Amino acid sequence: MSKHKALTGAIAALASVATLGALAAPALAADTTYSPNGKPVAELAKHGGAQRIATIGNKNAKNVVLFLGDGMGDSEITVARDYLKGANGHFDGLDAVGQPSALGDVQAGTGQYTTFSVGNGSKDSAVGKDGDGKLVANPNPGKLTPVTDSSASGSSWGTGTKTYNNAVDVDIYGNPQLNLFELAKAAGKATGNVTTAEIQDATPAVLESHSSERACYGPQGKTDGTSNNASKQCLINQLKENGGIGSISEQLLDTRADVTIGGGSKYFRQTVQGGEYKGKTVWEQAKEMGFQTVENDPAAMNALQYKDGQPVLALMSDGNMPTKFNPSKATAKDPAKDANPTVCTPNAGWLGNQGSSLADMTKKALDLLEANPASDANGYFLQVEGASIDKQDHAGNACGQIGETDDFDQAIAYAMKNVDLTNTLVIVTADHAHTSQILNAQPAYALSTVLKTADGNNMVVSYGTAEADSRDEDGGYNGGDMAHTGTQLRIAASGPGAQRVIGLTDQTDNFYTIANTLGLASTSDDQKSLSNDVKTEVKLTDGKYVAESTGFNGDAVLSYELKDKSGNVLAASDSSTPVSGVRVKTAQTTSIALDKVAEGNEYTLTVTGRQSGKTVTVDFQAPARDSSDEKPGDGKNDVIASGKVSNNPKSGVLGNTGAAITIAALAIAMLAAIAMIVKTAKISR
């Protein structure tokens, strides 16, 4: 057996174990009693396993707006406030949310939350990859990691499940976890995603997709379409041409949020490599799927109006959006900096000069969502990210991060004046802390910038977390390698249920706050029940056979198998990894091409939701062509057969004996999977 095949088999076994456990293990209430040493990784990695306030109830709100400042720790907020407003100054947005005296009698709360992850990269997961995108499974996935990245943190607040750094809405075994957009769409709510980053970047991606690798931007990887780097940046099993659920950009279109505004337009110029839209660009696919598209055009973005059945996809820059302020450079200790402190200058290329500031984009998103009948009936969920606070912190760029914090603050301030806080919960937080620190004097062992603040004083901002010395020839730094830090973060809220953020919570608690406030399915059992009304129809359209499934709203991925009358398998989805298979289009119709069907023959089709375990079986006979027809059916939309999920009340319910058998089966399967990997490692020596 080859190493790759053995590892593929091992991960399939691991995935099967994870799936079996999810389907069969007894439901347990989240443990809110913490020992001095906390919970083990295996417990923390479960859905909801890291909650600190699991037993605290929620008030209901029609809408939720989440503002997330990427890398915006307490220090980044203070740096920006001191520079822009003075040490005793006040932000109109950041300092108002969560402050009872700022907004009248609305509910308010401010607290802190923990942000650790459970793996320092894909190598700590069961779906790691080598340099060619091939599967490399860790037999003991999960590792307590104090410092998170944006994808693991986003997955935490987006799904309620702790995961490894580099993961987008998959757990340490690679199993997709339902996110807030999928759950909101299942509840009939409108959804919006706004960012100053590439829309494929970690934070916006966790509301659009499931990916074992955060760099799997498009069908050709992280490229503008002039090359194909997918095997370097994606687990190849996830790519559509290999039977997977597709890249982040492709899944964005499948998720079909009502409003998507951000950067990253160049990645939509990639060519689709597999599936229905093979050979077309992702932009062309979006247009054929009915999206209103805008590419790098602020005026066109501002002119957008709500149109029924035509979601908005407005990408305003090729990559990340330009910053509000020109960059500054952190340098080594030098008395001359104290005598000549830095004053930040406006960036002429900032899109806010053309009507596309983060506040402008937030306004457009709110206008579009409020014009949507789904919002009127059921409410909406909007996420707004100030993305480049983080990116400029990485670069040791004090002016850059200050300008982005200001842009973020003004977006919050606009929303607070224009949403109804009696029925809308507004949350402001960050995803992880970062490197900048305010000091009394220039440090001897770190780089720094000395700034002239609004109150006329010098402020020293220090950057000292680069893992390697990469200063330029002038001793300055704009290298992008300053590292995140692992401290807990501020979270503030105003509106119904805002008090739930008070005290010390965890990042995963934010998922439950949002989901339960909106009345979404937050527990695993409730999510599985979203697939209770599944229906699959086999149709003949324009001479082609297709299976169309609706109602798999408790699932992210489907499996299918087509057999002939004799029981021979003619076609089946790939099941080599949890990100292989058919991507579910939540609250829409998910189609499967049945190319192996021939007229007059009998077949059995089974379609199964990977997360819910719900299965539909359809027995059908392909119609024979009569003498007057050029092809079977009338070529329009003939339903040949249909089936519904069987919801046996006893299904999934285990007594003590059943639970014991399940645990034994899990142990045996896990041991077999690990043995396969160990054997492979010995063979390959």
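Higher on the page you've got the structure.
Quantities reported herein were computed from a predicted structural model and do not represent experimental measurements. (Residues numbered from 1 in each chain as written. Predicted model: local features only at pLDDT ≥ 70, side-chain atom pairs only at ≥ 80, totals over all residues. Heavy atoms only, no water.)

### Here we look at the overall build of the protein
Move 1: Scanning the protein from N- to C-terminus turns up 18 helices and 26 strands.
Move 2: The contacts of the protein with a sequence gap of at least 6 include a subset with a gap of at least 24, amounting to 73%.
Move 3: Accessible surface for the protein amounts to roughly 26300 Å². Of this, 49% is attributable to carbon and sulfur atoms. (Helix = DSSP H or I, 4+ residues; strand = E, 2+ residues; numbered from the N terminus. Contact = heavy atoms within 4.5 Å. Areas by Shrake-Rupley, 256 points an atom, 1.4 Å probe, with all protein chains shown as cover.)

### Observations concerning the sheet that holds strand S26 (residues 638-644)
Move 1: Judged by pairing direction, the sheet is antiparallel, and its four strands sit side by side in the order S23-S19-S18-S26 without closing on themselves. Of all the strands in the sheet, just strand S23 (590-593) and S26 have a single pairing partner and so form its edges. Taken over all neighbouring pairs, the strand axes of this sheet differ in orientation by 20° on average, direction set aside.
Move 2: As paired elements, strand S18 (residues 535-541) and strand S19 (residues 544-550) share seven bridges and run antiparallel to each other. Within S19, the position partnered with Lys539 by the bridge is Val546. (Pairing = 2+ DSSP bridges. Axes fitted to C-alpha atoms, helices over the stretch in contact; angles between N-to-C directions.)

### Concerning the nonpolar core
Move 1: Counting residues in hydrophobic clusters, the biggest one holds 107 residues, and the most contacted among them are Phe67, Leu180, Met316, Phe381, Leu382, Phe408 and Leu451.
Move 2: Per-element accounting of this core gives the leading share, nine residues, to helix H15 (residues 398-418).
Move 3: Ranked by size, the runner-up nonpolar core spans 24 residues in total, among them Val534, Val582, Leu594 and Val597. (Core = buried A, V, L, I, M, F, W, Y, C linked by side-chain atoms within 4.5 Å. Buried < 20%, exposed > 50% of the residue type's maximum accessible area, 1.4 Å probe, protein only.)

### Looking at the environment of Ala190
Move 1: Turning to its location among the elements, Ala190 is positioned in strand S5 (residues 190-198).
Move 2: Of the residues examined, Ala190 reaches a relative accessible area of 0% and is grouped as buried.
Move 3: On a C-alpha basis, the gap between Ala190 and Ala377 in space is 9.6 Å, while along the polypeptide they are 187 residues apart.
Move 4: Not counting chain neighbours up to four residues away, the residues in contact with Ala190 comprise Asp258, Leu369, Asn372, Ala374, Ser375, Gly379, Tyr380 and Phe381.

### Overview of the side chain of Ser122
Move 1: With respect to the helices and strands, Ser122 occurs in the loop between strand S2 (108-114) and strand S3 (128-129).
Move 2: Accessibility expressed as a relative area gives 11% for Ser122, which makes it buried.
Move 3: Those residues in contact with Ser122 that sit more than four places away from it in its chain are Gly128, Tyr164, Asn165, Asn166, Ser212 and Glu213.

### Here's the deal with empty space enclosed by the protein
Move 1: Applying the stated criterion to the full structure yields two cavities of 30 Å³ or more.
Move 2: Counted as a void, the largest cavity has a volume near 50 Å³.
Move 3: As for the largest cavity, its lining consists of Thr196, Met321, Pro322, Trp350, Leu351, Gly352, Ser356, Leu358, Glu404 and Asp407.
Move 4: Of the residues contributing to the lining of the largest cavity, the split by class is five nonpolar, three polar and two charged.
Move 5: The space that makes up the second largest cavity amounts to roughly 30 Å³. (1 Å grid on protein atoms, 1.4 Å probe; cavity = no way out; pocket = protein on both sides within 12 Å on 5 of 7 lines; lining within 4 Å. Points joined across faces, edges and corners; volume = space filled by probe spheres on them. Nonpolar A, V, L, I, M, F, W, Y, C, P; charged D, E, K, R; others polar.)

### A word on the state of the cysteines
Move 1: Taken as a whole and judged by the stated rule, the model has two disulfides.
Move 2: Here the bonded cysteines of the protein are numbered in sequence order, and their pairing is 1-2, 3-4. (Disulfide = S-S within 2.5 Å.)

### Some thoughts on the packing of aromatic side chains
Move 1: Considering all chains together, one arrives at six aromatic pairs under this definition.
Move 2: Consider the rings of Phe181 and Phe381, whose centres lie 5.9 Å apart with planes at 85°: the pair is edge-to-face. With Phe181 in helix H5 (residues 180-186) and Phe381 in strand S10 (residues 380-386), this residue pair connects regions lying 200 residues apart in the sequence.
Move 3: Phe381 sits in the buried class, given a relative accessible area of 0%.
Move 4: Note that Lys162 overlies the ring of Phe116, its terminal NZ or CZ placed 3.9 Å from the centroid.
Move 5: Above the face of the Phe291 ring, Arg256 is positioned so that its terminal group lies 5.1 Å from the ring centre. (Phe/Tyr/Trp six-rings, centres within 6.5 Å; stacked < 30°, edge-to-face > 60°. Lys NZ or Arg CZ within 6 Å of the ring centre and 35° of its normal.)

### With respect to unusual backbone geometry
Move 1: Backbone geometry places Asn166, a non-glycine residue, at a positive phi of 100°.
Move 2: Along the chain, the position of Asn166 falls in the loop between helix H4 (150-159) and H5.

### A look at the pairing of strand S25 (residues 615-621)
Move 1: Burial along S25 is one-sided: Val616, Val618 and Phe620 are buried, and none of Thr615, Thr617, Asp619 and Gln621, which face the opposite way, are.
Move 2: Pairing geometry for strand S24 (residues 602-609) and S25, over seven bridges, is antiparallel. Bridge pairing links Leu605 to Val618 in S25.
Move 3: In sequence, S24 turns back onto S25 through a hairpin of five residues, with Gly613 there showing a positive phi of about 75°.

### Topic: the layout of surface pockets
Move 1: Taken as a whole, the second largest pocket holds about 1100 Å³ of empty space.
Move 2: What lines the second largest pocket is a set of 34 residues, and nearest its centre among them are Gly275, Glu276, Ser591, Ile592 and Ala593.
Move 3: Of all the secondary structure elements, the ones that give two or more residues to the lining of the second largest pocket are helix H8 (248-255), S19, strand S21 (569-572), strand S22 (582-583) and S23.
Move 4: Among the residues forming the lining of the second largest pocket, the class breakdown is 13 nonpolar, eleven polar and ten charged.

### Description of the sheet that holds strand S8 (residues 312-315)
One key point about sheets: their strands pair by backbone hydrogen bonds, in either a parallel or an antiparallel sense.
Move 1: Pairing is mixed in the open sheet, where ten strands are placed in the order S7-S8-S6-S5-S10-S1-S11-S16-S2-S17. A strand with exactly one partner marks an edge of an open sheet, and here the two such strands are strand S7 (292-295) and strand S17 (503-506). For this sheet the average axis-to-axis angle between neighbouring strands, irrespective of direction, equals 15°.
Move 2: Where strand S6 (residues 259-263) lies against S8, four bridges are found, and the strand directions are parallel. For Ile261, the partnering residue across the bridge sits in S8 and is Ala314.
Move 3: Sheet strands in contact with H15 are strand S1 (63-69), S5, S10, strand S11 (424-430) and strand S16 (489-494), and its direction is about 165° off that of S1.

### Here we look at H15
Move 1: Across its 21 residues, H15 extends 31 Å between first and last C-alpha, which sits within 8% of the 30 Å expected from 1.5 Å per residue.
Move 2: Buried residues dominate H15, accounting for 18 of its 21 residues.
Move 3: The N-cap of H15, judged by a side-chain oxygen 3.4 Å from the amide nitrogen of Cys399 a few residues on, is Asn397. (Expected span 1.5 Å × (residues − 1). Polar contact = N/O pair within 3.5 Å; in protein donor to acceptor, adjacent residues only side chain to side chain.)

### Some points on the environment of His394
Move 1: For His394, the location among the structural elements is in helix H14 (residues 388-394).
Move 2: The class of His394 is buried, set by a relative accessible area of 17%.
Move 3: The contact partners of His394, leaving out residues within four places of it in the chain, are His434, Tyr477, Gly480, Asp481, Met482 and His484.
Move 4: At 3.0 Å, the side chain of His394 and the side chain of His484 are in polar contact.

### What to know about the side chain of Ser531
Move 1: Within the fold, Ser531 resides in the loop between helix H17 (524-529) and S18.
Move 2: A residue is classified by how much of its surface remains accessible, and Ser531, at 0% relative accessible area, is buried.
Move 3: Here the side chain of Ser531 touches Asp555 through a polar contact of 2.6 Å, side chain to side chain.
Move 4: The residues contacting Ser531, other than those within four sequence positions of it, are Gly551, Phe552, Asn553, Gly554, Asp555, Ser612, Lys614 and Val645.

None of the figures reported here should be taken as evidence of function without further support.
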